[in-house]
Amino acid sequence: MKRVDEEGPDALVQMSEPVNRFPDFVRHAVQRLKTPCPSMGKVNIAQTLARAGLHLGSTTVGRIVKEPPRPPAKKEPAPAGEPKIVANDPGHVYHIDLTAVPIGSGFWTPLSFALAQCWPFCWWLAVVVDHFSRRVLDIALFDGKPACRTVCRFLGRSFSRRGKPRYIICDRDSIFDCDAFRRWVKRSIKPPRYGALGKHGSIAVVERFFRTFKSEFTRRITVPLRRRDFRQEVVRYIDWFNEHRPHTTLGGRTPNEVYFGRKPANRRPRVEPRRCWPRRSKCARPQTLVAGQPGDRFALDVFFLNGQQHLPVVTVRRAA
């Protein structure tokens, strides 16, 4: 009985290792990825690792992230009164919207008035997003809130480069909810479709992009005062967003993979670090085959696009 409390590989009494238990180096890899990328949630981490070849469930990632570090060893509702629009393929439905990006600490001051929403206090950004693939197709940068005619010219250039969609969706801002904009869109395609006033989720696709854009990008950098510098930063983020960032709505795929019809990276054969895991057993979604042998060790490589800490690119390679 004195030997029952022994621990370690030489213990006389040992419990069999559960077949679904991940080795400690998997925990180290997840925690190591969370350190340089603290804004990544458990679903984003799971999808990013799946694209690199390591399939973990989001609940598993969440549990590992909460552990103390160990040493290494919904559908969008349709506008009221109109039939629902369903995007069937890339280029079918576009979203357009604008947002103000503060420069410095924002618009408000300690005084009893707010700063003007124009340069040098903020930039105005217009984006066109493809509904089916969530790919950002075009952007435009303005010193102040643009007029309707300026937005129409931006849309015209976007249509000439990317092709005309069947529908375009926007909100009820005065720029879009006017006769001039409706006439221009009607001449090019069908009349614009508007999100429902005061209804959450009516233009969820583009609003979700703006939330990601600000939380992962503009709030983590110093927004430049020069238009050319800020545009370069935005283009870098959009390129990373379209090519490397997995999306939950797309099943862990990236916008470019859906838009161009490429095979998703998370569908490639995966690394299986659990030595006793049966090859035919299911893994965390999406289900893929095992590359190599169960129990293989791997190295996690994280590099940052253009040296920007907010643009991580993760790869997994089998250790020698």
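Note that the structure is a prediction, hence the values are computed from the model and not measured.

Rules behind the numbers
Residues numbered from 1 in each chain as written. Predicted model: local features only at pLDDT ≥ 70, side-chain atom pairs only at ≥ 80, totals over all residues. Heavy atoms only, no water. Patch = residues over 30% accessible without salt bridge, like charges linked within 9 Å, V, L, I, M, F, W, Y side chains within 5 Å. Areas by Shrake-Rupley, 256 points an atom, 1.4 Å probe, with all protein chains shown as cover. Salt bridge = Lys/Arg side-chain N within 4 Å of Asp/Glu carboxyl O. Helix = DSSP H or I, 4+ residues; strand = E, 2+ residues; numbered from the N terminus. Pairing = 2+ DSSP bridges. Contact = heavy atoms within 4.5 Å. Axes fitted to C-alpha atoms, helices over the stretch in contact; angles between N-to-C directions. Buried < 20%, exposed > 50% of the residue type's maximum accessible area, 1.4 Å probe, protein only. Phe/Tyr/Trp six-rings, centres within 6.5 Å; stacked < 30°, edge-to-face > 60°. Lys NZ or Arg CZ within 6 Å of the ring centre and 35° of its normal.

Attention shifts here to a nonpolar patch on the surface. Taken together, Met1, Val4, Leu12 and Val13 make up a surface patch of nonpolar side chains, about 460 Å² in accessible area. The residue valine 4 is located in the segment before α1 (24-34) in this model.

Next up on the list: the sheet that holds strand β4 (residues 167-170). With mixed pairing, 5 strands are arranged side by side in an open sheet as β3-β2-β1-β4-β5. Unpaired on one side and paired on the other, β3 (136-142) and β5 (193-194) mark the two borders of the sheet. The sheet strands contacting helix α6 (residues 204-216) are β1 (93-102), β2 (122-130) and β3, and the helix crosses β1 at an angle near 35 degrees.

Glancing now at helix α2 (residues 42-52). Here α2 lies mainly inside the structure; 9 of its 11 residues are buried. Within the sequence span of α2, burial applies to Asn44, Ile45, Ala46, Gln47, Thr48, Leu49, Ala50, Arg51 and Ala52. Note on α2: the residue one or two positions beyond its end, glycine 53, has a positive phi of about 115 degrees.

Let us now look at the packing of aromatic side chains. Applying the stated criterion to the full structure yields 15 aromatic pairs. Taken together, a centroid distance of 6.0 Å and an interplanar angle of 35 degrees make the contact between tyrosine 237 and phenylalanine 241 tilted. Of this pair, tyrosine 237 and phenylalanine 241 both sit in helix α7 (residues 227-243), 4 residues apart, roughly one helical turn. Residue tyrosine 237 is classed as buried on the basis of its relative accessible area, which comes to 0%. The buried category is assigned to phenylalanine 241, whose relative accessible area is 3%. Three or more aromatic residues joined by ring pairs form one cluster here, namely Phe209, Phe210, Phe213, Phe217, Tyr237, Trp240 and Phe241. Sitting above the plane of the tyrosine 259 ring, arginine 135 keeps its charged end 4.9 Å from the centroid. When the ring centre of tryptophan 277 is taken as origin, the NZ or CZ atom of arginine 274, which lies over that ring, is 3.8 Å away.

Another aspect to go through is helix α3 (residues 58-66). Those residues of α3 that sit buried are Thr60, Val61, Gly62 and Ile64. Each element contacted by the buried residues of α3 is listed here: α1 and α2.

In the structure shown here, the tally under the stated rule is 18 salt bridges. With a closest N to O distance of 4.0 Å, arginine 27 and aspartate 24 form a salt bridge. With arginine 27 and aspartate 24 both in helix α1 and 3 residues apart, this pair spans about one turn of that helix. Close ionic contact of arginine 274 with glutamate 272 constitutes a salt bridge, the shortest N to O distance being 2.8 Å. Accessibility assignment for this pair places arginine 274 and glutamate 272 in one class, buried.

What follows concerns the pairing of β1. Taking burial as the measure, the 10 residues of β1 include 9 buried ones, the bulk of the element. Sheet topology places β1 next to β4; 3 bridges connect them, and they run parallel. Bridge pairing links valine 93 to tyrosine 167 in β4. Judged from the 9 bridges that link them, β1 and β2 form a sheet pairing that is antiparallel. Opposite histidine 95, over in β2, you have valine 129 as the bridge partner.

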